[in-house]
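Fold and contact review
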Amino acid sequence: MSDSASKDTPEQAEFRLYCRDWLAANRPPDPTVRLPLSALEIMTTGQLDYLQAWQKAAYDAGLVGCDYPRSVGGGGRKDCQRVANEEMLTARTPYFPNIIGLGMAAPTVFYHAGEELKQRLLPRLFSGEDIWCQGFSEPGAGSDLASVQTFAERRGEKWVINGHKVWTSLAHFAEWMILLLRTDKSQKYDGLSYFVVPIRAALGKGVTVRPLIKITGETGFNEVIFDNLEVDDGYRLDELGKGWQVAMTTLLHERGAGELQTPRAGGLKSKGSHATTAHNLIEFARTARRDGKPAADDALLRDRIMQQLICETALTQNQRRSRVPALLDHPMRLPLQNKLLASEISQHTAALALEVAGASASLYLGDDNAPAGGQWNLAHMNSYGMTIAAGTSEVQRNILGERVLGLAKSK
Amino acid sequence: MTQPDNFGFGEEAALLKSSARKFFTDRFPTSTLHALVAGDHRPERASECQWDPGMWQELVELGWTMLAVPESAGGVGLPAVAVAGLAEELGRAAFPCPLLGTINASYVLATCGAEAAPALAEIAEGRSASLAITNSVGSWSPGDTDVSCRDGVLNGTAWYVQDARKAARLLVSAQTETGLGLYWVATDAPGVSVQADTIVDLTRDQAHVCFDNVQATRVAANGLAALGQAMPAIWTVLAADMVGAAEWQLQTTVEYVGTRRQFDRPLGFFQAVKHPLVNVMLQIDQAKSLVYNAACAIDTDPARAAQYAHMAKAAASEAAAFAADRSVQLHGGIGFTWECFVHLYFKRQKHSQLLWGDAAWHRARLADIVIGPTTAGV
């Protein structure tokens, strides 16, 4: 019986051992600062410095960008990023700060930029020296992304950009932005074009970055205003009017359904940080009290906690099954579910934890008596970032209904 | 113990699954099923046992009924992941036959040791079987039985026996002076009377079986241990059947809402229709992934088999119920009629949902495993 999917290729096997050895010797020391749950919530330069140093070290060791060609700063390997990711997650490393760069900008630049631009941008992106952000959403363009109004007007070899982008995570640290804008007001989809823009260099010279305060009270994302910013035509990706197609490459990779595996590290438990998992919920329910008994003894709560555990296990098993072609009827069916399920499951787990907490669910981060330091409340509120960003759950359901089930398009 | 990345679902399993898909698609379209089982719509009708014994014989000749019989006992001995693949296709076709019962009996007998060898040999020769291990209140706890045995003679009644009129043999659990024993009996043996239940599900038959001084062959002295070991496979195989049936419900409803137009649009355009169908798909896929995970644990990680099988049957029960619910609702008026095929699967799924424990039952047992029993006791 064939068992090939469960076996590494010789290249992967050798690379896996290399990663394991390197990680054993080079896992970074624990941070002295509290790290946020994900790179999208990085608030201070102290947090950023620690995480950038780690990404640079991992890149220099060949664990980032493994499957990209050497000519653009990659490792020139075949299907090895997955191996590096597995080893980094197992080793419980810190996560990478350049999450938008690695997950969205890199594949987009790789597939749609000219060779020279790729060689200039990708190495510093992989190393984390250049942080990237994404300029897609606008006050008037959320789920209906193709209605963006930020406009670039041609003046010779230059473009002059005016407009307003919102929900821009990491913009306050970013050197570069991937930017979807309009070059033709007469056509909706075909009037869009796609640029990479050096925003840090232009701060105060046509670019303004202002923090937006999240529902949790944290900062971390921003609005970005373009006021007559001049950009070279050489920073345009792909053809004029092909912005929507380029954006699809970005979004496909953002949702984990793209061709190139995103470099992913993580698992480090930072002091005071807290994962929204059924396992943590069970441990919490053992300590919380309800009617004088452990909440974990309450039959109704047990049932609901098991529902979360089952969903969480199913998500892991979906990922496993997505690599077994004989058990798939449609190649995109599981990849396109991933973000939707992951975000909704953790949202429900956090909400249930707050019920388990009872009256103490009212206490927040600054209260000494808050269960888990108030992290369940933080996780619950932050979970809406996940169900709204990168295509809301409603848009995800449209995509699944239309692309996988073949139902009639909503637009 | 580590499990293989691909669930151990290899070429042989993939070939079996695709052959089964083709066999049922070619030979048993839903129109054939409807013509076979839905002839009499009267609600007060007595339950009939409508099936195609000729096609069943073909399944026997293909070897599909002896897949779970170990090679050492003359069977095919395929891993549980392969059996689950076949069960998924069986459920997709809702083919009326005693395959699940035969597989269930194989799994129990395979845990019983030498005493069970002749019974396994009968399955390997093509005999069908069903489990007769449920009492009058329908308890899903293995060990609750209303049948007793003294000196190899059975008395009492086994309830909720699936496909009893199609099966040639029964695996009966009975109380003895020393605990729970398992016995192997022919359905036409003297003293056995199969009393058909009138049931909603048209794709199965069900009965209570009365034993009146029936001579039986013991296959296991410690029946509780045998059943405990085999139940994860029984739950998993049924869950696989439900996943396949739910996929039929999803695809059939998707096709309908693509054709049916209202307000100048296909129904599937509307998000009130589109999103629930996506939710059905999400539930099916979670259940399906959990089914193969459980089957893989049965094959390679037995210590976790019960835990994962509870998850699979709980998720499949929810998915089956939801797919059944939306398949009728989204077909609108036609979905409420006898002529529309969705009722066949609706009824099969509502039956499967509770068979061998519904979702809440499985979650309660899962909680006992992963959280531990409640400290206060029951």
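These figures come from a predicted structure and were not determined experimentally.

What counts and what doesn't
Throughout, residues of each chain are indexed from 1 in the direction in which the sequence is written. The naming scheme follows written order: chains are lettered A onward, ligands numbered 1 onward. Residue-level local features of this predicted model are given only where pLDDT is at least 70; pairs of side-chain atoms are given and counted only at 80 or more, and the full residue set underlies all totals for whole chains, interfaces and linings. To obtain the side-chain values, all non-hydrogen atoms of the structure were included, while hydrogens and water were left out. The numbering of helices and of strands both runs from the N terminus, where a helix is a DSSP run of H or I of at least 4 residues and a strand a run of E of at least 2. Working definition: with a 1.4 Å probe on protein chains only, accessible area under 20% of the residue-type maximum means buried, over 50% means exposed, and in between means partly exposed. Should any heavy atoms of two residues lie within 4.5 Å, those residues are counted as being in contact. Shrake-Rupley sampling with a 1.4 Å probe provides the accessible areas, and residues are treated as covered by the protein chains on show and by no other component. His is not counted here, nor are the chain ends, while Lys and Arg score as positive and Asp and Glu score as negative. Think of each charge as sitting on NZ of Lys, CZ of Arg, CG of Asp or CD of Glu. Think of each axis as a best-fit line through the C-alpha atoms, taken over the contacting stretch in the case of a helix, with angles from 0 to 180 degrees between the N-to-C directions. Small angles under 35 degrees read as roughly parallel and large ones over 145 as roughly antiparallel, with 65 to 115 read as roughly perpendicular and the rest as oblique. Crossing handedness: left-handed means the near helix sits turned counterclockwise from the far one by under a right angle, and right-handed means the same turn made clockwise. When residues are sorted by character, Ala, Val, Leu, Ile, Met, Phe, Trp, Tyr, Cys and Pro go into the nonpolar class, Asp, Glu, Lys and Arg into the charged class, and all the rest, Gly among them, into the polar class. Buried area is understood as the total, over both parts, of accessible area removed when two parts are fitted together, assessed with a 1.4 Å probe. What makes a salt bridge here is a side-chain nitrogen of Lys or Arg within 4 Å of a carboxyl oxygen of Asp or Glu, nothing more. Polar contact criterion, stated in full: a pair of N or O atoms within 3.5 Å, where within protein one must be able to donate a hydrogen and the other to accept it, and residues adjacent in sequence count only if both atoms are side-chain atoms. Stacked, tilted and edge-to-face are the three classes applied to pairs of Phe, Tyr and Trp rings, where Trp contributes its six-membered ring and a pair requires centres within 6.5 Å; stacked means planes under 30 degrees apart, edge-to-face means over 60, and tilted covers the rest. How far each domain reaches was decided by an automatic or database domain assignment. The predictor rates its confidence in each residue with pLDDT, a number between 0 and 100. One requirement defines pairing of two strands: DSSP has to find at least two bridges between them.

Attention shifts here to the overall build of chain A. The helix and strand inventory of chain A stands at eleven helices and ten strands. Out of the 411 residues in chain A, the part that is buried amounts to 54%. Within chain A, residue pairs in contact and separated by at least 24 positions form 71% of the contacts whose partners lie at least 6 positions apart. When the accessible surface of chain A is summed, it comes to about 17700 Å², and 52% of that surface belongs to carbon and sulfur atoms. Computing the positive centroid from 46 side-chain charges and the negative centroid from 47, chain A places the two 2 Å apart.

Two numbers describe a pair of packed helices, the interaxial angle and the distance between the axes. Residue and element names in this part refer to chain B. Their axes nearest at 9 Å, the elements helix H7 (residues 223–259) and helix H8 (residues 271–300) cross at an angle of 155°. Comparing their axes, H8 and H7 come out roughly antiparallel. As H7 packs across H8, the resulting crossing turns out to be left-handed. Each of Pro-232, Ala-233, Thr-236, Ala-239, Ala-240, Val-243, Ala-246, Glu-247, Leu-250, Thr-253, Val-254 and Val-257 in H7 lies in contact with H8, whose residues at this interface are Val-273, Leu-277, Val-280, Met-281, Ile-284, Ala-287, Lys-288, Val-291, Ala-294, Ala-295 and Ile-298. When its residues are assigned to classes, the contact of H7 with H8 shows 19 nonpolar, two polar and two charged.

Turning to unusual backbone geometry, a few remarks are in order. Of note, A:Asp238 is a non-glycine position whose phi angle comes to about 60°, a positive value. Within the secondary structure layout, A:Asp238 lies in the loop between strand E8 (236–237) and helix H6 (243–254). Its relative accessible area of 30% is what places A:Asp238 among the partly exposed residues. One non-glycine residue, B:Phe7, lies in the positive phi region at around 65°. Within the element layout of this structure, B:Phe7 appears in the segment before helix H1 (11–27).

Residue and element names in this part refer to chain B. Here Gln-162 lies in strand E3 (residues 153–162). Note on Gln-162: relative accessible area 8%, which makes it buried. Between the C-alpha atoms of Gln-162 and Gln-251, which are 89 residues apart in sequence, the distance is 27 Å. Excluding residues that lie within four positions of it along the chain, Gln-162 makes contacts with Ser-130, Arg-204, Asp-205, Gln-206, His-351 and Leu-355.

All names here are of chain B. Running from N to C, H8 and helix H9 (residues 305–330) cross one another at 155°; their axes reach a closest spacing of 8 Å. Between H8 and H9, the angle is such that the two are roughly antiparallel. Regarding H8 and H9, the two cross each other, and that crossing is left-handed. The residue makeup of the contact of H8 with H9, split by class, is 22 nonpolar, three polar and two charged.

Turning to the interface of chain A and chain B, a few remarks are in order. Across the boundary between the two partners, chain A contributes 45 residues, which contact 56 residues of chain B. Where chain A abuts chain B, roughly 4400 Å² becomes buried across the two surfaces, and 62% of that area is made up of carbon and sulfur atoms. The tally of links from chain A across to chain B stands at seven salt bridges. Taking the shortest distance from any N to any O, the salt bridge between A:Arg321 and B:Asp285 comes out at 2.9 Å. Linking chain A with chain B are 23 residue pairs in polar contact (both at pLDDT 80 or more). Elements with a contribution of two residues or more to the side of chain A that touches chain B: helix H7 (278–287), strand E10 (293–294), helix H8 (299–321), helix H9 (338–357) and helix H11 (393–404) of chain A. For the side of chain A that touches chain B, the leading source of residues is H8(A), giving 13 residues. Of the residues belonging to the side of chain A that touches chain B, the class tally is 21 nonpolar, ten polar and 14 charged.

Right, let's get into the pattern of salt bridges. As enumerated under the stated definition, the model contains 50 salt bridges over all chains in all. Between A:Glu223 and A:Arg210 there is a salt bridge, with the nearest N and O atoms lying 3.2 Å from each other. Remark: A:Arg210 occurs in strand E6 (residues 207–212) and A:Glu223 occurs in strand E7 (residues 221–232); sequence separation between them is 13 residues. Here B:Asp285 makes a salt bridge to A:Arg333, at a shortest N to O gap of 2.7 Å. Taken together, the positions of B:Asp285 in helix H8 and A:Arg333 in the loop between H8 and H9 put the pair across two chains. As far as the burial class goes, B:Asp285 and A:Arg333 line up, both buried.

Attention now moves to the packing of aromatic side chains. Counted by the stated rule, this structure contains 28 aromatic pairs over all chains. Where A:Tyr68 meets A:Phe126, the ring centres are 4.8 Å apart and the plane angle is 55°; that geometry is what we call tilted. One end of the pair, A:Tyr68, is in the loop between helix H2 (45–60) and helix H3 (81–90); the other, A:Phe126, is in helix H5 (residues 115–126), with 58 residues separating them in the sequence. An identical accessibility class is assigned to A:Tyr68 and A:Phe126; each is buried. Judged by centre distance (6.4 Å) and plane angle (55°), the ring pair of B:Trp51 and B:Trp56 falls under tilted.

All names here are of chain A. Its domain assignment divides chain A into domain 1 (9–97 + 121–127), domain 2 (133–254) and domain 3 (278–404). Taken over C-alpha atoms, the centre of domain 2 sits 32 Å from the centre of domain 3. Listed per partner, the contact involves eight residues of domain 2 and nine residues of domain 3. Across the domain 2/domain 3 interface, buried area totals approximately 670 Å², and carbon plus sulfur atoms make up 61% of it. Linking domain 2 with domain 3 are zero salt bridges.

A few words now on the confidence of the model for chain A. On average, residues of chain A score 93 in pLDDT, and 97% of them are at 70 or above. A low-confidence stretch, residues 1–5 of chain A (pLDDT under 50), is modelled with 13 contacts involving residues beyond four sequence positions or located in other chains.

All names here are of chain B. Neither face of strand E1 (residues 129–132) is exposed, since Ala-129 and Leu-131 on one face and Ser-130 and Ala-132 on the opposite face are all buried. Note: E1 against strand E4 (residues 169–176), four bridges, orientation parallel. Bridge pairing links Leu-131 to Leu-171 in E4.

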